[in-house]
Amino acid sequence: MESLPLFLKLQGAPVVLIGGGQVATRKARLLQAAGACVTIVAPEAGEELLLLLGLQGEVAEHHQHRWLAEPYRGVEQLAGARLVVVATPNRTLNAVISADATAAGILVNVVDSPDLCSFIFPAIVDRSPLVIAIGSNGASPVLARQLRRRIEAMVPAAYGRLAAFARDLRDTVARALPDVEHRRRFWEQVIDGPIAGQVLSGNAENAKSSLTALLAQQQRNPKSLNQGEVYLIGAGPGDPDLMTFKALRLLQSADVVLYDRLVNPAITDLARRDAERIYVGKQRSDHSVPQTRINQRLLDLARDGRRVARLKGGDPFIFGRGGEEIELLARHQIPFQVVPGITAASGAASYAGIPLTHREHAQSVRFVAGYLKDNRLEHRWEEFLSPNETLVFYMGLAGLEVICSELVAHGRDPATPVAVIERATLPEQRVITGTLSSISEIVARSRPVAHTLIIIGSVVDLQSELAWFGPDTPQTTG
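Residues numbered from 1 in each chain as written. Predicted model: local features only at pLDDT ≥ 70, side-chain atom pairs only at ≥ 80, totals over all residues. Heavy atoms only, no water.

(A) Quick peek at the overall build of the protein chain. A count of helices and strands for the protein chain gives 16 helices and 19 strands. A compact globule built from 478 residues should have a C-alpha radius of gyration of about 23 Å, whereas the protein chain, at 30 Å, is more than 25% larger. Once the C-alpha set of the protein chain is aligned to its principal axes, its extents read approximately 95 × 65 × 40 Å. Pairs at least 24 apart in sequence give 64% of the contacts found in the protein chain among residues at least 6 apart. (Helix = DSSP H or I, 4+ residues; strand = E, 2+ residues; numbered from the N terminus. Rg over C-alpha atoms; globule rule 2.2 N^0.38 Å. Contact = heavy atoms within 4.5 Å.)

Next up, the structure:
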């Protein structure tokens, strides 16, 4: 992060606002809403600004606000301020004030000059006491405001009532449930359940009665919320935007996350900050955590009452060994959910501009495991010869030469197009193309690294025309 987002309490705090125009008025409205004591420093001030703060005359005071009807003269005008906000059109003057405030250890914001700021006003969605702030570190205020409008449409005003409801009962719940973990789960059940629905519909009294009853139940039987569960989540091919809403929701409700190298770190970062993260390795020729231990770990964590997210690259049921991981859970009657993800074949082909099926090229597609065992691939190669079927090999980079030679040996045309897609759906995606007879040599020169996917079939010929993602991505052909 370029800056750390914080919420600053300004009730009764002195703030100096330099400038008296429309921009200053907008900032004064925010500062007043936060309860700050605003001092305007400006030779002239607009009527709207003076009315907003209840000020009149050249030097006047109204409650906590005041107006110094004079230009900025020096750092003594900033004395005692918690914040300084500069809203003048004079960039030279703005730079001087920013330097003075910084030297005095005062946080300063200069409107539309992020390089002169030590803090930046975010775009705000106000559902007090719930407040949502969106910032771009000054890179694109318009984008931040656009996101604010979208969030405003998604978060009804009634969420403020829900936040106030939780605030008013927070101490009551804390006294009844002293264990932090137990209390967090209690509140999650409240916020995600019918009690929140009652508050949002305006029935706060019934909601309070329901919460009191649930709280009493928890005191009698603390384990009633302590049911562990496992979420087997397909994380997709890499791009975090390709995760489903359900996958994101369950990931963010998990107490612990198990992940491996096939999962983009940006996806793991979407988990709750306080969630435990456990790396379980797993790469070709280096299974740092054996599959049986992963299966047992899921079982043990769920038995401990934890909600466990098991992140799997692509889809957990397509070469993801997801079935193995939930078999043990099913035998021990541990609740689990399986969330499908966009499998690597679909994601890689779409982002490479290669349709897996096409009326003029392929009427079927076959997903095949491509990893070597004892330097061999045991397949019914004679079933892979149809020119109207696209073949997609997962985990096949090390076995590429074997795949190509076996297909040619069993009768597939050596001129059949082949694509090796590296780091699919990510900014560094690379598509390497060739034929069954040439691709091994091309890949040896290009030296791609996992994660890769191999697509074989005439649909690959469409890639040069249909490629849309990453215009700067190098394309290697032969």
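(B) Focus on the packing of helix H11 (residues 291-303) against helix H12 (residues 322-331). One way to put it is that H11 packs onto H12 with a least axis distance of 9 Å and a crossing angle of 45°. As far as their axial angle goes, H12 and H11 are oblique. Crossing handedness for the pair H11 and H12: right-handed. Facing H11, whose interface residues are Gln291, Ile294, Asn295, Gln296, Leu298 and Leu299, H12 presents Glu324, Glu325, Leu328 and Leu329. Its residues assigned to classes, the contact of H11 with H12 comprises 5 nonpolar, 3 polar and 2 charged. (Axes fitted to C-alpha atoms, helices over the stretch in contact; angles between N-to-C directions. Parallel < 35°, antiparallel > 145°, perpendicular 65-115°, else oblique. Left-handed = near helix turned anticlockwise from the far one by under 90°. Nonpolar A, V, L, I, M, F, W, Y, C, P; charged D, E, K, R; others polar.)

(C) Molecular detail of the packing of aromatic side chains. Going through the model one piece at a time under the given rule, you end up with 11 aromatic pairs. Their ring planes at 70° and their centres at 5.9 Å tell us that Phe186 and Trp187 sit as a pair that is edge-to-face. Both residues of the pair, Phe186 and Trp187, count as buried. Measuring from centroid to centroid gives 5.7 Å for Trp381 and Phe384, while their planes differ by 80°, and the two rings are edge-to-face. Taken as a pair, Trp381 and Phe384 share a single burial class, namely buried. Taken together, the ring pairs in this structure connect Phe319, Phe367 and Tyr394 into an aromatic cluster. (Phe/Tyr/Trp six-rings, centres within 6.5 Å; stacked < 30°, edge-to-face > 60°. Buried < 20%, exposed > 50% of the residue type's maximum accessible area, 1.4 Å probe, protein only.)

(D) Looking closely at unusual backbone geometry. Going from Ser128 to Pro129, the amide bond is cis rather than trans, its omega being 5°. Along the chain, Pro129 turns up in the loop between strand E7 (123-127) and strand E8 (130-134). Phi is positive for Phe319, close to 55°, though the residue is something other than glycine. With respect to the helices, strands and loops of the structure, Phe319 is situated in the loop between strand E12 (307-312) and H12.

(E) Region of interest: a nonpolar patch on the surface. A grouping of Phe319, Val365, Phe367, Tyr371 and Met395 is seen on the molecular surface, where their side chains present a nonpolar patch of about 440 Å² in accessible area. Position of Met395 among the secondary structure elements: in the loop between strand E15 (389-394) and helix H14 (400-409). Under the relative-accessibility criterion, Met395 is labelled partly exposed at 40%. (Patch = residues over 30% accessible without salt bridge, like charges linked within 9 Å, V, L, I, M, F, W, Y side chains within 5 Å. Areas by Shrake-Rupley, 256 points an atom, 1.4 Å probe, with all protein chains shown as cover. Salt bridge = Lys/Arg side-chain N within 4 Å of Asp/Glu carboxyl O.)

(F) Spotlight on the confidence of the model for the protein chain. Looking at the protein chain as a whole, its pLDDT mean stands at 90, while 94% of the residues score no less than 70. Ranking the helices and strands of the protein chain by mean pLDDT puts strand E5 (residues 83-86) first, with 98, and strand E3 (residues 59-62) last, with 48. Scored below 50 in pLDDT, residues 58-62 shows 13 contacts in the model against residues more than four places distant or in partner chains. (pLDDT = per-residue confidence, 0-100.)

(G) Spatial organisation of the pattern of salt bridges. On inspection of all chains with the given rule, the structure shows 25 salt bridges. Here Arg272 ties to Glu188 by a salt bridge, and the two come within 3.8 Å at their closest N and O atoms. Of the two residues, Arg272 is situated in the loop between helix H10 (265-268) and strand E11 (276-279) and Glu188 in helix H6 (residues 180-192); the sequence distance between them amounts to 84 residues. Judged by its relative accessible area of 16%, Arg272 falls in the buried class.

(H) Just the nonpolar core, in detail. Leu31 and Ile40 are the most contacted members of the largest nonpolar core, which has 23 residues in total. Those elements that place two or more of their residues in this core are strand E1 (14-18), helix H1 (22-33), strand E2 (37-41), helix H2 (47-53) and E5. The residues contacting Leu31, other than those within four sequence positions of it, are Leu10, Val15, Ala36, Val38, Val85 and Phe121. Grouped together as the second largest cluster of nonpolar side chains are 19 residues, Phe393, Leu400, Cys404 and Ile439 included. (Core = buried A, V, L, I, M, F, W, Y, C linked by side-chain atoms within 4.5 Å.)

(I) Spotlight on helix H13 (residues 344-352). Turning to H13, its buried residues number three or more, namely Ala345, Gly347, Ala348, Ala349, Tyr351 and Ala352. For H13, the secondary structure elements touched by its buried residues are strand E14 (364-369), E15, strand E16 (417-422), strand E17 (430-435), strand E18 (452-456) and helix H16 (463-466). Phi for Gly353, located one or two positions after H13, is positive at around 80°.

(J) Geometry of helix H3 (residues 91-103). The terminal C-alpha atoms of H3, which comprises 13 residues, lie 18 Å apart, in line with the 18 Å expected from a rise of 1.5 Å per residue. Within H3, the full set of buried residues consists of Asn94, Ile97, Ser98 and Ala101. Here the buried residues of H3 occupy an arc of 105° about the axis, which is enough to place them on one side. Residues of H3 that are exposed and point over 90 degrees away from its buried face: Thr92 and Ala103. By the N-cap criterion, in which a side-chain oxygen at the helix start approaches the backbone nitrogen of a residue two or three places on, H3 is capped by Asn90, the distance to Thr92 being 3.1 Å. A positive phi of about 75° marks Gly105, the residue just after H3. (Expected span 1.5 Å × (residues − 1). Arc of directions from axis to C-beta. Polar contact = N/O pair within 3.5 Å; in protein donor to acceptor, adjacent residues only side chain to side chain.)

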